[in-house]
Amino acid sequence: MKNRVIAIGLDSAEPTLLEEWMAQGHLKNLRKLIEQGTYGRLKNMDYYKGESAWTNFLTGCLPFKTGYWSKFEFNPKTYQTKTLGAHGAYDYREISPFYALGDKYRVAVFDVPQTTISDRVNGLQALAWGAHAPMIDRGSQPEGLLEELIGKYGDHPADTFHHNDRSDWYNPASVAKLKREMELGLQRRTAITKDLLSREPWNLFLTVIGETHTFQHYFWHLGQKDHPLYKYTATPGKDPLLEYFEAVDESLGEILAEAPEDAHIMVFSAHGQGTNSADLLSMVVLPEFLYRFSFPGKSLLKSQEMGMTPPGPLTPKNIKESWYKQLHAFKNDPDPVARFLRFVEPALPGRFKPYLSKLYQKLAKLTGSPQTELFSWHPSKWYQPYWPQMKAFYIPGFSDGYIRLNVQGRESQGVVSASEYKAVCDELIEQLHQLKDARNGKPVVKGVVRTRENPYDDNPKLPNADLVVMWEDWAVDVVDSPKFGRIGPIPFNRTGAHRARGFVTVKGPGIVAGSTLKEGHAVDLAPTILEFLDAPIPEYMDGKPLLSVKVFA
């Protein structure tokens, strides 16, 4: 029997929380694992951190090599964004998942997000059972395995495949429902994982607990005092986030009780989470800022006047409607037809509502109105009809702020010449650094990354964005610009968002108990696992093994 590795990912688990809780005596199984082995922090990409983390882990490569930055692809001819492939994951044609090891190794992979069914895996694969944002088709190898598991243990109750693992903080019923679904999903996941782990002595058993990702997104404000909603929504003495991670810890204990003594056990997180500083700033504030930058004196977002005292956090009026839908009430919509249809929509019987968007598109063509979606899934889509006339615009994403310049000769209707490109970037960066939180007066921009010096650089491995805005780490709902005025306030959306930090702990033969690793990178995880397996490490990998056999006891 070759070396054996059991690797369990805690999706997006925040190491600063875990460390704090373990210091308080919680998470006994994870704490025991760390005491018996080694522990260290990981870092990941500082930008595109929410989109690229899993691909970095699975390939052992940075986005500069894979070319994968985000699930969206921008077409400069049509000014449209579309999802890559069927669901947005990296296609793994150029670089395979590290666990595709061929016939020499028996490998089991369960519910790892954003990967693929590989014909170079000798063992079993079952994907998209309950992973958060799996971004792939459901499938298994051998065929029928996933159906067998669902038939025996049940499907994930939150329907994560269709992105229904969400709630709205202002709707207690939806919060309670998601909590129940996450608890039941974890129970079912534990049973499936134990079943698959016990089927044979795998060389590599790789799985990810996805519920930790969802729970931090939607329950952060109920346990963490650094979120502005905490004092309005939390129950004193009760921390649902800690309670859930205690359940995850119990699941770890159950799973690892099945592990053989001679295996290397790895528990890791490729990235973490903190208070959500990205959703409002990237999805709402930045698109509005760029609209005002291109059209001085105009605005698509209803906002307070500068100098006014911001009110307390806004609560959407209809607690049964999603944040995305209710945000349209804050739109200065120039189209009276759209305003009217959104006004009457709540009063219509449910069977008529699906036809409203189709009706609006027909009416918009007749009236010549900008053909935005009646209820856009992403606030930045409000601005898409104006992108061809704008100097720069925001490309939809889920973490940082992605700015694309509208360049002559690159975009079909470009307005910024090549000679102006650097100056416009400079002006944008200067104005971005002047944005301040209207509540505390502090700058909200941590940094801005230039992704290219030459706007015509056609390297396919570069991201779509010319500039990437990285935000400070606190929640912001209203922003002031000395040049473009106040933007907001806006109701908060998800309360947790991604951070670039992660962690890894490993115990097993040759590892010194209680030892500490120097900080590594998420791309180091794959070569580390391969070294434990005594499998070849591809030269193309950017990552390096975190532990060398030379430093084992």
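Conventions adopted
- Residues numbered from 1 in each chain as written.
- Predicted model: local features only at pLDDT ≥ 70, side-chain atom pairs only at ≥ 80, totals over all residues.
- Heavy atoms only, no water.
- Helix = DSSP H or I, 4+ residues; strand = E, 2+ residues; numbered from the N terminus.
- Buried < 20%, exposed > 50% of the residue type's maximum accessible area, 1.4 Å probe, protein only.
- Contact = heavy atoms within 4.5 Å.
- Areas by Shrake-Rupley, 256 points an atom, 1.4 Å probe, with all protein chains shown as cover.
- Lys, Arg positive; Asp, Glu negative; His and termini not counted.
- Charge placed at Lys NZ, Arg CZ, Asp CG, Glu CD.
- Pairing = 2+ DSSP bridges.
- Axes fitted to C-alpha atoms, helices over the stretch in contact; angles between N-to-C directions.
- Parallel < 35°, antiparallel > 145°, perpendicular 65-115°, else oblique.
- Left-handed = near helix turned anticlockwise from the far one by under 90°.
- Nonpolar A, V, L, I, M, F, W, Y, C, P; charged D, E, K, R; others polar.

S.K.: Tell me what's going on with the overall build of the protein, and back it up with residues and numbers.
M.R.: In terms of regular secondary structure, the protein is built from 15 helices and 21 strands. Dimensions of the protein, computed from C-alpha atoms along their principal axes, come out at roughly 70 × 50 × 45 Å. Among the 553 residues that make up the protein, the fraction classed as buried is 58%. Counted over contacts in the protein with a minimum sequence separation of 6, partners at least 24 positions apart contribute 69%. On the protein, roughly 22,500 Å² of surface is accessible, and the fraction owed to carbon and sulfur atoms is 52%. Averaged over its 64 positive side-chain charges, the protein has a centre that lies 5 Å from the centre of its 65 negative ones.

S.K.: A description of the sheet that holds strand β15 (residues 467-471) should follow, citing residues and the corresponding values.
M.R.: Taken in spatial order, the 4 strands line up as β11-β12-β15-β14 in an open sheet, and their pairing is antiparallel. Where the open sheet ends on each side, the last strands, each with one partner, are β11 (392-394) and β14 (445-450). Within the sheet, the average angular offset between the axes of one strand and its neighbour, ignoring direction, is 25°. With 3 bridges joining them, strand β12 (residues 401-405) and β15 adopt antiparallel strand pairing. Bridge assignment links Gly401 to a residue of β15, and that residue is Val469. Helix α10 (residues 279-294) rests against β11, β12 and β15 of the sheet, and its axis sits at about 165° to β11. Running over the sheet, helix α14 (residues 418-432) touches β11, β12, β14 and β15 and is turned about 170° from β14.

S.K.: Outline the packing of helix α12 (residues 336-344) against helix α13 (residues 356-367), supporting the account with residue identities and numerical values.
M.R.: Look at α12 against α13: their axes get within 10 Å of each other, and the N-to-C directions meet at 165°. Here α12 lies roughly antiparallel to α13, going by the angle between them. Note on packing geometry: the crossing formed by α12 with α13 is right-handed. Contact with α12, carried on its side by Val337, Ala338 and Leu341, involves Leu356, Leu359, Tyr360 and Leu363 of α13 and no other residues of that element. Taken together, the residues of the contact of α12 with α13 sort by class into 7 nonpolar, no polar and no charged.

Function cannot be inferred from these measures alone, as they are strictly geometric.
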